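This is what each chain is made of:
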Amino acid sequence: MDRGKKPGRFLGAMNSKIYLDLKDIIREHALPFLPAKSLFRFTGVCRDWKLQISTPFFAHNQSNSFRTISGLFCQVPGDPPSFISLDPKACGVPDPSLTFLPDQVDVRASSNGLLCCEGRTGEKAFYICNPVSKQWKKLPKPNANHGPDSAIVLIFEPSLLNFVADYKLVCAFPSVDFDNGYEFEIYSSAEESWKISGEICFGNRKLLPRSGVHVKGVVYWMTKNGSSIVAFDLMKERSQLLYGSYGSSLGVMHGKLCLVSVSRQLLVVNVLSNVYSNTMVMNSNAKTWEEKLRIPLSNDAVPGGISYDQALVVFAGSDVVVVQAGRSVFSIDIKTKESAVLCSAADHDVRIIAYVNSLVYF
């Protein structure tokens, strides 16, 4: 009988092989899905992990695999930016004030690990940077004068087939040649140049500078009165007006454009269902927006008893909604319905930019 016999060498070798395979699986298939701060900590596990995480190919793979909102860059006008992490143990940046840039800057936009910042002095140059690696690039001067009321959207969509991180910066600005018109200028990293579109969006409306989002080749901005949305198709270079909703903010969830609002202790998410509803015949049942989610909110759910009166959604995406109510900034998890206070803003006019903790190299 074999009872009581010690495992043979062959069985021991098999167990060792299983252990090694599991270690390789974690290194190859789990690490790329972690945020940058966690990865820097894991470089101390062993030499193999350190070498793996330090390669440009791994940074490329991680930027494709990890796209979850990690935290918020917050900035009061005139002050340096600060960073609020949604998970301080896992996500963070080494220099939240961005002092590695050659100028004092205002954070204007973010996209999948890249930040767009605008200098405060001189020509007020645009900078693209990765706050994790402190890599940065100064963009050439735009062809047009965008003025102080430009609305900016940074677009970076990681792709496994494109090892070079190509990005675009889209600026909508009030036209100096046409009253009540907005023009568009786009910077392309592939071309390393700016281009003014021939499209002009007319109408007596002002864009909200911080409201822009990008969905499948189209950039959207809310107007200040909230009743309409300006859409700009990057491929066709054509603009379009959509019906909006007063008090709502734009977001992107599961690849779809959303209108998100907080009112009467309810979080409501509407998804764009028909972009052509404003051209339909009268009495048509076609609706521009379709309600997808309604979450009751309770003052008891958030520490400190926050009031939802005049609450403003400042970010919606990755199953997370960030809301500012007075000076309190808190998050709502769409899946768990849980709320958590992130910070207490020192000023009502704080600028809040969502950020992904990525190793992207550009």
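Presented here is an overview of the structure given in this document. Because the structure is predicted, anything quoted here is derived from the model rather than measured.

Moving on: the side chain of serine 261. Locating serine 261 in the fold gives a position in strand S16 (residues 256-263). Owing to a relative accessible area of 15%, serine 261 belongs among the buried residues under this scheme.

Among the ten residues in helix H4 (residues 56-65), seven count as buried, and that is most of the element. Where H4 is buried, its residues meet helix H2 (36-42) and helix H3 (47-53).

On to the sheet that holds strand S4 (residues 114-119), then. One open sheet accounts for four strands, arranged S3-S4-S5-S6; its pairing is antiparallel. At either margin of the open sheet sits one strand with a lone partner, and together these are strand S3 (105-111) and strand S6 (135-138). When strand polarity is set aside, the average angle formed by the axes of neighbouring strands in this sheet is 25°. Across four bridges, the pairing between S4 and strand S5 (residues 126-130) is antiparallel. Its bridge partner being in S5, glutamate 118 is matched across the sheet by phenylalanine 126.

The strand order S11-S12-S13-S14 describes an open sheet built from four strands, whose pairing is antiparallel. Pairing within the sheet leaves two strands with one partner each, and these edge strands are strand S11 (213-215) and strand S14 (238-243). Sheet twist, expressed as the mean angle between neighbouring strand axes with direction ignored, is 25°.

Of note, aspartate 319 is a non-glycine position whose phi angle comes to about 65°, a positive value. Mapping aspartate 319 onto the fold places it in the loop between strand S19 (312-317) and strand S20 (320-325). Of the residues examined, aspartate 319 reaches a relative accessible area of 15% and is grouped as buried.

Looking now at a nonpolar patch on the surface. A contiguous nonpolar patch, built from Leu22, Ile25 and Ile26 and spanning about 260 Å² of accessible area, is present on the exposed surface. Here leucine 22 lies in helix H1 (residues 9-30).

Moving on to the nonpolar core. The biggest cluster of nonpolar side chains holds 24 residues, and the ones touching the most others in it are Phe73, Leu98, Leu101, Leu115, Cys117, Tyr355 and Leu359. Where this core is concerned, the elements lending two or more residues are H2, H3, H4, S3, S4, S5 and strand S23 (351-355). In contact with leucine 101, other than residues within four places in its own chain, are Cys117, Tyr127, Cys129 and Trp136. Of all hydrophobic cores here, the second largest spans 18 residues; its members include Leu297, Val313, Ala325 and Ile332.

With that settled, consider the pattern of salt bridges. Applying the stated criterion to the full structure yields nine salt bridges. The salt bridge involving arginine 108 is made with glutamate 118; its shortest N-O contact spans 2.4 Å. You can see arginine 108 sitting in strand S3 and its partner glutamate 118 sitting in strand S4, a full ten residues away along the chain. In terms of burial, arginine 108 and glutamate 118 fall into one category: buried. We note a salt bridge from arginine 294 to glutamate 291, for which the minimum N-O separation is 2.9 Å.

Conventions adopted
Residues numbered from 1 in each chain as written. Predicted model: local features only at pLDDT ≥ 70, side-chain atom pairs only at ≥ 80, totals over all residues. Heavy atoms only, no water. Helix = DSSP H or I, 4+ residues; strand = E, 2+ residues; numbered from the N terminus. Buried < 20%, exposed > 50% of the residue type's maximum accessible area, 1.4 Å probe, protein only. Contact = heavy atoms within 4.5 Å. Pairing = 2+ DSSP bridges. Axes fitted to C-alpha atoms, helices over the stretch in contact; angles between N-to-C directions. Patch = residues over 30% accessible without salt bridge, like charges linked within 9 Å, V, L, I, M, F, W, Y side chains within 5 Å. Areas by Shrake-Rupley, 256 points an atom, 1.4 Å probe, with all protein chains shown as cover. Salt bridge = Lys/Arg side-chain N within 4 Å of Asp/Glu carboxyl O. Core = buried A, V, L, I, M, F, W, Y, C linked by side-chain atoms within 4.5 Å.

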